[in-house]
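# Residue-level structure breakdown
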Amino acid sequence: MEKIEPMTLFGYEKLQAEVKDLKEIKRPEIVKAIEEALEHGDLKENAEYHAAKEAQKNIDNRLAELAELLGNSRIVDPSELEHAKVSFGSTVVMTDMETDEELTYTIVGGCESNPDMGLISFGSPLAKQLLGRAEGDEVKVKLPSGVKEYEIEEVKYQEIVFECH
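Bear in mind that the values here come from a model prediction, so they are computed numbers and not experimental data. (Residues numbered from 1 in each chain as written. Predicted model: local features only at pLDDT ≥ 70, side-chain atom pairs only at ≥ 80, totals over all residues. Heavy atoms only, no water.)

## With respect to the pairing of strand β4 (residues 102–108)
- Across the 7 residues that make up β4, a large majority, 5, are buried.
- Note that strand β3 (residues 91–96) and β4 share 5 bridges and pair antiparallel. Considered in β4, the bridge of T91 is made with T106.
- Counted between consecutive antiparallel strands, the loop separating β3 from β4 contains 5 residues, among which D100 sits at a positive phi close to 65°.
- In this sheet, strand β5 (residues 119–121) lies alongside β4 in parallel orientation, the contact comprising 3 bridges. Note that in β5 the partner of T106 across the bridge is L119. (Buried < 20%, exposed > 50% of the residue type's maximum accessible area, 1.4 Å probe, protein only. Helix = DSSP H or I, 4+ residues; strand = E, 2+ residues; numbered from the N terminus. Pairing = 2+ DSSP bridges.)

In structure tokens form, the structure reads like this:
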């Protein structure tokens, strides 16, 4: 079964930029470091060589991970979706029924999530339990920190700000 990764154009371009950086800058630097370390001779006690080989392995693993993510990606423009119910790209304003604290989250792709900025992955436990809900719904969500109850005050689309400038 194919695992589809919804993301905005911003997330897709961010992943492409990371691939480009790894392939054109980081990996060639590591290859050069390996060549230099080989010139030092005995590989058994050559810490630079082993560190560079480990870094190369990490870069190759990340490139494989990025290739899979990009291969499964579906670019979604949240502004074109209806936001009567919580969906990808929706901004959800809700109230914690225990503390009366108001929380605002926007549901984005996994590679775009930044909880500190209110951007949560569509695959997160909270987002999964909010999807399909509407304004006025009370929802009991199971989170790693325990069960919480929220009332959804508003579901809307607003332009997503991914980074502080």
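Having seen the structure, we can now continue with the description.
## Things to note about the sheet that holds strand β6 (residues 138–143)
- Read across the sheet, 5 strands follow the order β5-β4-β3-β7-β6 without closing on themselves; strand pairing throughout is mixed. Edge positions in the open sheet fall to β5 and β6, since each of these has one partner strand only. Put simply, the sheet's adjacent strands are angled 45° from each other on average, direction ignored.
- Here β3 runs beside strand β7 (residues 146–156); their pairing, made up of 6 bridges, is antiparallel. (Axes fitted to C-alpha atoms, helices over the stretch in contact; angles between N-to-C directions.)

## Points about the nonpolar core
- Of all hydrophobic cores here, the largest spans 16 residues; its most connected members are V86, M94, L126, L130, Y150 and I152.
- Sorting the residues of this core by element identifies β3, β4, α3 (125–130), β6 and β7 as the ones contributing at least two each.
- If we skip the residues at most four places from it in the chain, M94 touches E101, E102, L103, Y105, L126, L130, Y150, E151, I152 and E153.
- In this structure, M7, L15, A37 and Y49 belong to the second largest nonpolar core, which totals 15 residues. (Core = buried A, V, L, I, M, F, W, Y, C linked by side-chain atoms within 4.5 Å. Contact = heavy atoms within 4.5 Å.)

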